[in-house]
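# Summary of structural features
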Amino acid sequence: MREQLTESDIKKIQEEIDYRKLVVRKDAIEAVKEARAQGDLSENFEYYAAKRDKNKNESRIRYLERMLKTAEVISDKSKEDEVGLNNTVDLYFEEDDLTEEYRLVTSIRGNSLKGLISTESPIGKAILGRKEGDRVYIKVNDSYGYYVVIKRIIKTSDDSQDEIRKF
């Protein structure tokens, strides 16, 4: 499946790639050299730990570069009265008589613990493009779902505080 990324996502991913190539890679290579210089590699834990860290960094770089190569670029623009990417919404959960605030983001930024809901999640799919006051059914699986009411939409475009989720 192709990741859906905004221009801002692409910029942040490229910044991480550059940082990993210019800073982290250099430090990791130096750590491997230092550990190798300590002598016998068969019992050198520092050497294996340094190699593991170096390989993790290279793997992350390859993952991010592949993501950029195959990504589908999407717009974070939406109509003034609709829920769109990077918009914050207040959702009223009827079953629980509870209102919660969420921000709709792309899948690589999703973090439900921080109130960042992916457009690929059941809630994200259901509310994307909806209007304030709409009562929306959130289908969780074939046998369960629930209703929410969109109480308020706050338009935001600056997502500079969000981080790309690390895997």
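So, how was this worked out
Residues numbered from 1 in each chain as written. Predicted model: local features only at pLDDT ≥ 70, side-chain atom pairs only at ≥ 80, totals over all residues. Heavy atoms only, no water. Helix = DSSP H or I, 4+ residues; strand = E, 2+ residues; numbered from the N terminus. Rg over C-alpha atoms; globule rule 2.2 N^0.38 Å. Buried < 20%, exposed > 50% of the residue type's maximum accessible area, 1.4 Å probe, protein only. Contact = heavy atoms within 4.5 Å. Areas by Shrake-Rupley, 256 points an atom, 1.4 Å probe, with all protein chains shown as cover. Lys, Arg positive; Asp, Glu negative; His and termini not counted. Charge placed at Lys NZ, Arg CZ, Asp CG, Glu CD. UniProt positions renumbered as here; feature names shortened; annotations may be inferred. Core = buried A, V, L, I, M, F, W, Y, C linked by side-chain atoms within 4.5 Å.

## Side note on the overall build of the protein
Secondary structure summary: the protein contains three helices and seven strands in total. When its helices and strands are written in sequence order, the protein yields β-α-α-β-β-β-β-α-β-β. Over its C-alpha atoms the protein spans a radius of gyration of 21 Å, topping by over 25% the 15 Å that the globule rule assigns to 167 residues. Considering the protein as a whole, with its 167 residues, one finds that 39% of them fall into the buried category. In the protein, 57% of the contacts between residues at least 6 apart in sequence involve partners at least 24 apart. Carbon and sulfur atoms form 49% of the exposed surface of the protein, whose accessible area is close to 10500 Å². The positive charge centre, built from 32 side chains, and the negative charge centre, built from 35, are 5 Å apart in the protein.

## Notes on the UniProt feature "domain: Transcription elongation factor GreA/GreB N-terminal" (unreviewed entry) in the protein
The feature "domain: Transcription elongation factor GreA/GreB N-terminal" (unreviewed entry), as given by UniProt, occupies residues 4-73 in the numbering adopted here. Strand forms 6% of residues 4-73 and helix 80%; the C-alpha atoms that close the span are 6 Å apart.

## Notes on the nonpolar core
Within the largest apolar cluster, 16 residues are counted, with the highest numbers of intra-cluster contacts made by Leu91, Ile123 and Ile127. Those elements that place two or more of their residues in this core are strand 3 (88-93), strand 4 (98-105), helix 3 (122-127), strand 6 (135-141) and strand 7 (144-154). Per-element tally for this core: the top contributor is strand 7, with four residues. If we ignore the near neighbours within four places in the chain, the residues touching Leu91 are Leu98, Thr99, Glu100, Tyr102, Ile123, Ile127, Val148, Val149 and Ile150. Listed in part, the eight residues of the second largest apolar core include Ile17, Ile61, Leu64 and Met67.

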